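Summary of structural features
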Amino acid sequence: HLVSVGEGFLNYIQALKNENRLRYAGMFEVSYSSFIKFNKHLDIPFSDIDVAWLKRYERFLRERGNSDNTMGIRFRTLRAVYNKAIEDDIVDEKYYPFKKFKVSHFNKKTTKRAISKSEMAKVLALDLSNITTYYSPLLYLSKDLFLFSYLGCGINLIDIAYLRYENITENRLRFNRHKTGQPIDFALQGRLREIILKYTKEGCSPKDFIFPILDRRIHKTQQQQDDRIIKVTKGINRNLKKIGQFLNLSIPITTYVARHSFATVLKRSGVNISIISEALGHTNLSTTQYYLDSFENEQIDEAMKNLL
């Protein structure tokens, strides 16, 4: 029995679910249904997916107004499934279409995703009562978590959501990244401690989540946790946008910008990229390089002005 592209896809999704990587599996499911829409079915051998097929699919996505970022995700999921098929001897490597069809051309490297140290200082110093007349807990949480991410090794929002009091030992935060399982361990400097104390409730147990995103009594299943994190992330990003507009920052800020800014500011201070990579919990340096690429060009342009 020859394994079809459809079966390869579904097996890949199942394997991710078995590893409890549900969000990642969700990404593959969305891509899978997009390919079905395009080709009507995936009852085809992997060798049928050639450069011409991929170009037709790209045209199909462009006509539907998909962004380069979305297209990049669709093609990367297909590439991952194809690589697995080669690994499992389902298809011969000679048919591999991604040598000629480069997925990297969807990477829009130009978008800047980090703010400078001085802009970060503005966020830090902002008195939120200037933005809103009524007390909005989510607005305050948004600013606090943005700073927590920036000062806390660029910790991303999913990992922040899962932090429990038991992750704090001897004034250090120790946890494993939700996405990759990489262990992270850093000292809780003054500002980070203040933010944690602000959200600490009387009589909390070590198993309780630190921040008011997840509640272990309510969000018990993975699905409930995922839905809740997605909902809160949207609210936080909406509020961060308000903060960024109020301060007139160079780019719209999101929770992700804090992570990028952490990496960028360290790189500009001359910190070695492998140290930054470890702090971010990346499993390989190329991911970190991708993080840092967007501002390198800008720095080179600045430096070129000093040539004459």
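Just so you know, these numbers come straight off a predicted model, no measurement behind them.

A word on the confidence of the model for the chain
Looking at the chain, the pLDDT average stands at 89 and 95% of residues meet or exceed 70. Per-element averaging of pLDDT across the chain places helix H12 (residues 285-304) at the bottom with 68 and helix H6 (residues 137-151) at the top with 95.

A closer look at helix H10 (residues 255-268)
The terminal C-alpha atoms of H10, which comprises 14 residues, lie 21 Å apart, in line with the 20 Å expected from a rise of 1.5 Å per residue. Burial within H10 is extensive, with 10 of its 14 residues counted as buried. Within H10, the full set of buried residues consists of Thr255, Val257, Ala258, Arg259, His260, Ser261, Phe262, Ala263, Thr264 and Val265.

Concerning the sheet that holds strand S3 (residues 183-187)
Taking strand neighbours across the sheet as the criterion, the three strands line up as S1-S2-S3 in an open arrangement whose pairing is antiparallel. In this open sheet, the two strands that pair with only one neighbour each are strand S1 (168-169) and S3. Where S1 and strand S2 (residues 172-176) come together, two bridges link them in antiparallel fashion. Residue pairing in the sheet places Thr169 in a bridge with Arg172 of S2.

Concerning the nonpolar core
Soluble globular proteins tend to bury their nonpolar side chains together. Grouped together as the largest cluster of nonpolar side chains are 55 residues, with contacts concentrated most on Ile115, Phe146, Phe148, Phe211 and Ile213. The greatest single-element share of this core, amounting to seven residues, is contributed by H6. If near-sequence neighbours (up to four positions away) are discounted, Phe146 is found in contact with Ile115, Met120, Val123, Leu240, Ile253, Thr254, Val257 and Ala258. Listed in part, the 32 residues of the second largest apolar core include Leu16, Val81, Ile86 and Phe98.

So, the pattern of salt bridges
Applying the stated criterion across every chain yields a total of 14 salt bridges. Across the salt bridge formed by Asp144 and Lys198, the nearest N and O atoms sit 2.7 Å from each other. One end of the pair, Asp144, is in helix H6; the other, Lys198, is in helix H8 (residues 190-199), and 54 residues separate them in sequence. Judged by its relative accessible area of 9%, Asp144 falls in the buried class.

Observations regarding the side chain of Asp208
Here Asp208 lies in the loop between H8 and helix H9 (222-247). Within the local environment of Asp208, its side chain forms a polar contact with the side chain of Arg216, the two groups lying 2.6 Å apart. In contact with Asp208, other than residues within four places in its own chain, are Leu163, Arg164, Tyr165, Arg216 and Arg217.

Section: the side chain of Glu58
In this structure, Glu58 sits in helix H3 (residues 51-63). On the basis of relative accessibility, which here comes to 13%, the residue Glu58 falls in the buried class. Residues within four places of Glu58 in sequence aside, it is in contact with Met71, Phe75, Phe101, His105 and Phe106.

Points about the pairing of S2
Going residue by residue along S2, you find Leu173 and Phe175 tucked away on one face and Arg172, Arg174 and Asn176 left uncovered on the opposite face. Between the end of S1 and the start of S2, which pair antiparallel, lie two residues, with Glu170 showing a positive phi angle near 45 degrees. Pairing between S2 and S3: five bridges, direction antiparallel. Note that in S3 the partner of Arg172 across the bridge is Ala187.

Section: the packing of aromatic side chains
This structure, assessed with the given rule, holds 22 aromatic pairs. Measuring from centroid to centroid gives 5.3 Å for Tyr57 and Phe75, while their planes differ by 70 degrees, and the two rings are edge-to-face. Residue Tyr57 is located in helix H3, and its partner Phe75 is located in helix H4 (residues 68-87); the two are separated by 18 residues in the primary sequence. For Tyr57, a relative accessible area of 0% corresponds to the buried category. Plain terms: the ring middles of Phe148 and Phe211 are 5.1 Å apart, the flat faces sit at 75 degrees to each other, and that makes the pair edge-to-face. Within this pair, whereas Phe148 is found in helix H6, its partner Phe211 is found in the loop between H8 and H9, the two being separated by 63 residues in sequence.

Topic: the layout of surface pockets
Empty space within the second largest pocket amounts to approximately 250 Å³. Lys201, Phe209, Leu214, Asp215 and Arg217 are the residues nearest the centre of the second largest pocket, which is lined by 17 residues in total. Its residues placed into classes, the lining of the second largest pocket shows 10 nonpolar, one polar and six charged.

Considerations on H4
The end-to-end C-alpha separation of H4 is 28 Å, in line with the 28 Å expected for 20 residues at 1.5 Å each. Where H4 is concerned, the buried positions are Asp68, Met71, Gly72, Arg74, Phe75, Thr77, Leu78, Ala80, Val81, Tyr82, Ala85 and Ile86. At its buried positions, H4 is contacted by helix H1 (5-18), helix H2 (22-39) and H3. The first or second residue beyond H4 is Asp89, which carries a positive phi of 60 degrees.

About the thresholds
- Residues numbered from 1 in each chain as written.
- Predicted model: local features only at pLDDT ≥ 70, side-chain atom pairs only at ≥ 80, totals over all residues.
- Heavy atoms only, no water.
- pLDDT = per-residue confidence, 0-100.
- Helix = DSSP H or I, 4+ residues; strand = E, 2+ residues; numbered from the N terminus.
- Expected span 1.5 Å × (residues − 1).
- Buried < 20%, exposed > 50% of the residue type's maximum accessible area, 1.4 Å probe, protein only.
- Pairing = 2+ DSSP bridges.
- Core = buried A, V, L, I, M, F, W, Y, C linked by side-chain atoms within 4.5 Å.
- Contact = heavy atoms within 4.5 Å.
- Salt bridge = Lys/Arg side-chain N within 4 Å of Asp/Glu carboxyl O.
- Polar contact = N/O pair within 3.5 Å; in protein donor to acceptor, adjacent residues only side chain to side chain.
- Phe/Tyr/Trp six-rings, centres within 6.5 Å; stacked < 30°, edge-to-face > 60°.
- 1 Å grid on protein atoms, 1.4 Å probe; cavity = no way out; pocket = protein on both sides within 12 Å on 5 of 7 lines; lining within 4 Å.
- Points joined across faces, edges and corners; volume = space filled by probe spheres on them.
- Nonpolar A, V, L, I, M, F, W, Y, C, P; charged D, E, K, R; others polar.

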